[in-house]
Amino acid sequence: MCGIVGSYNFDIPIDAFLASQMHRGPDFVASERYTLPNGKVLQLGHNRLKIICLTDDANQPFTNPSRLGYLVFNGEIYNYRELKVELEREGVCFRTTSDTEVLFQVLNHWGIDGIQRCNGMFAFAYFNTQNNILLLGRDRFGVKPLYYYLDNHRLIFSS
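As the structure is a prediction and not an experimental result, all values here were calculated from the model.

**Considerations on helix α2 (residues 80-89)**
No. 1: Those residues of α2 that sit buried are Tyr80, Leu83, Lys84 and Leu87. Projected onto a plane normal to the axis of α2, the buried residues spread over an arc of 105° and lie on a single side. Residues of α2 that are exposed and point over 90 degrees away from its buried face: Arg81, Glu82 and Arg89.
No. 2: Just downstream of α2 lies Gly91, where phi reads positive at about 95°.

**Notes on the side chain of Asn128**
No. 1: Secondary-structure assignment places Asn128 in strand β5 (residues 120-128).
No. 2: Ignoring sequence-local partners within four residues, the contact set of Asn128 consists of Leu68, Gly69 and Ile133.

**Brief notes about the packing of aromatic side chains**
No. 1: Summed over the entire model, instances satisfying the criterion amount to 6 aromatic pairs.
No. 2: Judged by centre distance (6.2 Å) and plane angle (25°), the rings of Tyr34 and Phe127 are stacked. Of this pair, Tyr34 sits in strand β2 (residues 28-35) while Phe127 sits in strand β5; the two residues are 93 residues apart in sequence, bridging distant segments of the chain. Just as Tyr34 is buried, Phe127 falls in that class too.
No. 3: Three or more aromatic residues joined by ring pairs form one cluster here, namely Tyr34, Tyr70 and Phe127.
No. 4: The ring of Trp110 has Arg117 lying over it, and the distance from NZ or CZ to the ring centre is 3.8 Å.

**Some remarks on the packing of α2 against helix α3 (residues 99-110)**
No. 1: Running from N to C, α2 and α3 point in directions that differ by 45°, and their axes come no closer than 10 Å. With respect to their mutual orientation, α2 and α3 come out oblique. Judged by the sense of rotation from one axis to the other, the crossing of α2 with α3 is left-handed. Each of Tyr80, Leu83, Lys84, Glu86 and Leu87 in α2 lies in contact with α3, whose residues at this interface are Asp99, Val102, Gln105, Val106, His109 and Trp110.
No. 2: Its residues assigned to classes, the contact of α2 with α3 comprises 6 nonpolar, 2 polar and 3 charged.

**A look at the nonpolar core**
No. 1: With 20 residues, the main nonpolar core has Leu71, Ile77, Leu103 and Phe124 as its most contacted residues.
No. 2: At the level of secondary structure, the elements contributing two or more residues to this core comprise β4 (69-77), α2, α3 and β5.
No. 3: Each residue touching Phe124, except ones within four places of it in the same chain, is listed here: Ile4, Leu71, Val72, Phe73, Leu103, Leu107, Ile115, Leu135, Leu136, Gly137 and Arg138.

**Notes on the sheet that holds β5**
No. 1: Strand order in this open sheet of 3 strands is β4-β5-β6, and the pairing throughout is antiparallel. Every interior strand has two partners, whereas the edge strands, β4 and β6 (133-138), have only one. The mean angle between the axes of side-by-side strands here comes to 5°, regardless of whether they run parallel or antiparallel.
No. 2: Bridge count for β5 against β6 is 6 bridges, and the pairing is antiparallel. Its bridge partner lying in β6, Phe127 is registered against Leu134.
No. 3: α3 rests against β4, β5 and β6 of the sheet, and its axis sits at about 125° to β4.

The rules behind these values
- Residues numbered from 1 in each chain as written.
- Predicted model: local features only at pLDDT ≥ 70, side-chain atom pairs only at ≥ 80, totals over all residues.
- Heavy atoms only, no water.
- Buried < 20%, exposed > 50% of the residue type's maximum accessible area, 1.4 Å probe, protein only.
- Helix = DSSP H or I, 4+ residues; strand = E, 2+ residues; numbered from the N terminus.
- Arc of directions from axis to C-beta.
- Contact = heavy atoms within 4.5 Å.
- Phe/Tyr/Trp six-rings, centres within 6.5 Å; stacked < 30°, edge-to-face > 60°.
- Lys NZ or Arg CZ within 6 Å of the ring centre and 35° of its normal.
- Axes fitted to C-alpha atoms, helices over the stretch in contact; angles between N-to-C directions.
- Parallel < 35°, antiparallel > 145°, perpendicular 65-115°, else oblique.
- Left-handed = near helix turned anticlockwise from the far one by under 90°.
- Nonpolar A, V, L, I, M, F, W, Y, C, P; charged D, E, K, R; others polar.
- Core = buried A, V, L, I, M, F, W, Y, C linked by side-chain atoms within 4.5 Å.
- Pairing = 2+ DSSP bridges.

In short, the description is geometric, and any link to function would need to be established separately.
Right, here's the structure in full:
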């Protein structure tokens, strides 16, 4: 399955970390670098293994046309179809058939509390561009690990 990496306020070459995870997702590799209003830099990277949605529309770091947030995600949301139906009933529109977009919309629409609705094995990093908050999360049993190092307002993480 996929691999994710990221950093905040850490001067590191994210592409080197992605190269070390190439075996986790050889179908697509990308990273994004965001300069935040405080001048600090957030980097998100992803190695993709296409399983559920085979189109490039689900490549990561994932965002929507209005760029409300960015998501890198490792794993699988088992009940993504049911969550998608529920979100569509609440007016959320989708452009892919991926569990990645469902997780993205869960976080956009319901916030961090929406994670309790997700069944699966996953680790993710979600950056909300509206309030400049970075959320790191994983499934409740820790099937997909989320490794991180935090010190002195610097963060690096991977799964």
